[in-house]
Amino acid sequence: MAEPPVLAAKAVLAAKAVVAGYSAADRVLKGVDLEVHKGELVAVIGPNGAGKSTLFKTIAGLLSASEGTIALDGTPITNWPARKICAAGVAFVPQEANVFPSMSVRENLEIGGFVDPKGAPGRIEALFQRFPMLAEKRRHAARTLSGGQRQVLAMAMALMVEPRVLLLDEPSAGLSPVAAESLFESIVAINREGLAIAMVEQNAVEALEVARRAYILVDGMNARTGPAAELSADPEVRRIFLGLH
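Description of the structure in this document. Predicted model, so just to flag it, every value in this text is computed and none were measured.

Right, let's talk about the sheet that holds strand β4 (residues 65-72) for a bit. Hydrogen bonding along the main chain pairs the strands of a sheet, whether they run parallel or antiparallel. The strand order across the open sheet built from 4 strands is β2-β1-β4-β5, with neighbouring strands paired in antiparallel fashion. Pairing within the sheet leaves two strands with one partner each, and these edge strands are β2 (29-37) and β5 (75-76). As paired strands, β4 and β5 are joined by 2 bridges and run antiparallel to one another. Looking at β5, one finds that Ala71 is bridged to Pro76. Running over the sheet, helix α1 (residues 52-59) touches β1 (11-20), β2 and β4 and is turned about 70 degrees from β2.

Here it is, written out as structure tokens:
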């Protein structure tokens, strides 16, 4: 079987014409494109059922693409096993079940470092410096953390693999406005250090404020894409997708 074509190397992550779903006959994604360039923060927004989370799960290897190509730094990774995709540099933080509740903060980070156990202790200490809250609660069970703190821990676990791109699925879901704002600040800080991030987010207004570019998905297809600031200012986008006038 011939190898799929290499996609544009300028993108750290590139998905082209991806078709995928939860069964052979299920087409949640109907030919979706997505690119994330080096150092970018990209938002993916749209109504419920648009395929946003399905896209990230397909990129991460949790679902299979029946058509299309996914590439990391120009190398096709379409339908690789999830563990291999993670080891290659794609870290996915799901919306739910993203930490081990009964294990301590440090133990969660150790699990996040499964790709390189020998290097894990050094990375854990670096993350404790970056997120002092995690250092303070290193011996606490993850279930004792607040919602926002659990999301920070989940991101820190993903950073343990030193990814080239970070995929965040609904990071602010269920958080209070104050906790969500704090979490977005952490996401922006991580991005400013040079890590490419793609973020599915129901809080579309906030997502467009912090992102450089954005994609709007509707019914498993690309509806709009462009600079986040331009989409945020577009009257049609504000009315239909942001609920603003």
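This part covers the packing of helix α3 (residues 105-112) against helix α4 (residues 120-130). Look at α3 against α4: their axes get within 10 Å of each other, and the N-to-C directions meet at 125 degrees. It follows from the interaxial angle that α3 and α4 lie oblique. The element α3 and its partner α4 pack so that their crossing is right-handed. Residue-level contacts link Val105, Arg106, Leu109 and Glu110 of α3 to Ile124, Glu125, Leu127 and Phe128 of α4. Residue composition of the contact of α3 with α4, by class: 5 nonpolar, no polar and 3 charged.

This brings us to the nonpolar core. Counting 50 residues, the largest nonpolar core has Leu109, Leu153, Leu166 and Ile187 as the members making the most contacts within it. Looking at this core, the element that brings in the most residues is helix α6 (residues 147-159), giving 8 residues. Those residues within four positions of Ile187 in sequence are excluded, and the remaining contacts are Leu41, Met155, Leu168, Pro171, Ile197 and Met199. Among the nonpolar cores identified, the runner-up in size contains 31 residues, and Ala50, Ala60, Ala88 and Tyr215 belong to it.

Reading across from one edge, β6-β7-β8-β3-β9-β10 is the order of the 6 strands in this open sheet, with mixed pairing throughout. Looking along the sheet, the strands with just one partner apiece sit at the ends: β6 (90-93) and β10 (221-227). Mean inter-strand twist for the sheet, computed between neighbouring axes without regard to direction, equals 15 degrees. Packed onto the sheet, α1 meets β3 (41-45), β6, β7 (165-169), β8 (196-200) and β9 (213-218) and runs at close to 140 degrees relative to β8. The strands that helix α7 (residues 177-192) touches are β3, β7 and β8; relative to β8, the one it contacts most, it runs at about 150 degrees.

Glancing now at the pattern of salt bridges. The final tally for this structure, using the stated rule, is 10 salt bridges. Between Arg224 and Asp234 there is a salt bridge whose closest N-O contact spans 3.0 Å. Of this pair, Arg224 sits in strand β10 while Asp234 sits in the loop between α9 (228-233) and α10 (235-240), placing them 10 residues apart in sequence. Several salt bridges converge on common partners, so that one network encompasses Arg106, Glu110 and Glu125.

Packing of α6 against α7 leaves a shortest axis separation of 10 Å and a crossing angle of 20 degrees. As summarised for this structure, α6 and α7 are arranged roughly parallel, according to the angle between their axes. As α6 runs across α7, the sense of the crossing is right-handed. Contacts from Gly148, Gln151, Val152, Met155 and Leu159 in α6 reach Leu183, Ser186, Ile187 and Ile190 in α7. For the contact of α6 with α7, a count of residues per class yields 6 nonpolar, 3 polar and no charged.

Calculation notes
Residues numbered from 1 in each chain as written. Predicted model: local features only at pLDDT ≥ 70, side-chain atom pairs only at ≥ 80, totals over all residues. Heavy atoms only, no water. Pairing = 2+ DSSP bridges. Helix = DSSP H or I, 4+ residues; strand = E, 2+ residues; numbered from the N terminus. Contact = heavy atoms within 4.5 Å. Axes fitted to C-alpha atoms, helices over the stretch in contact; angles between N-to-C directions. Parallel < 35°, antiparallel > 145°, perpendicular 65-115°, else oblique. Left-handed = near helix turned anticlockwise from the far one by under 90°. Nonpolar A, V, L, I, M, F, W, Y, C, P; charged D, E, K, R; others polar. Core = buried A, V, L, I, M, F, W, Y, C linked by side-chain atoms within 4.5 Å. Buried < 20%, exposed > 50% of the residue type's maximum accessible area, 1.4 Å probe, protein only. Salt bridge = Lys/Arg side-chain N within 4 Å of Asp/Glu carboxyl O.

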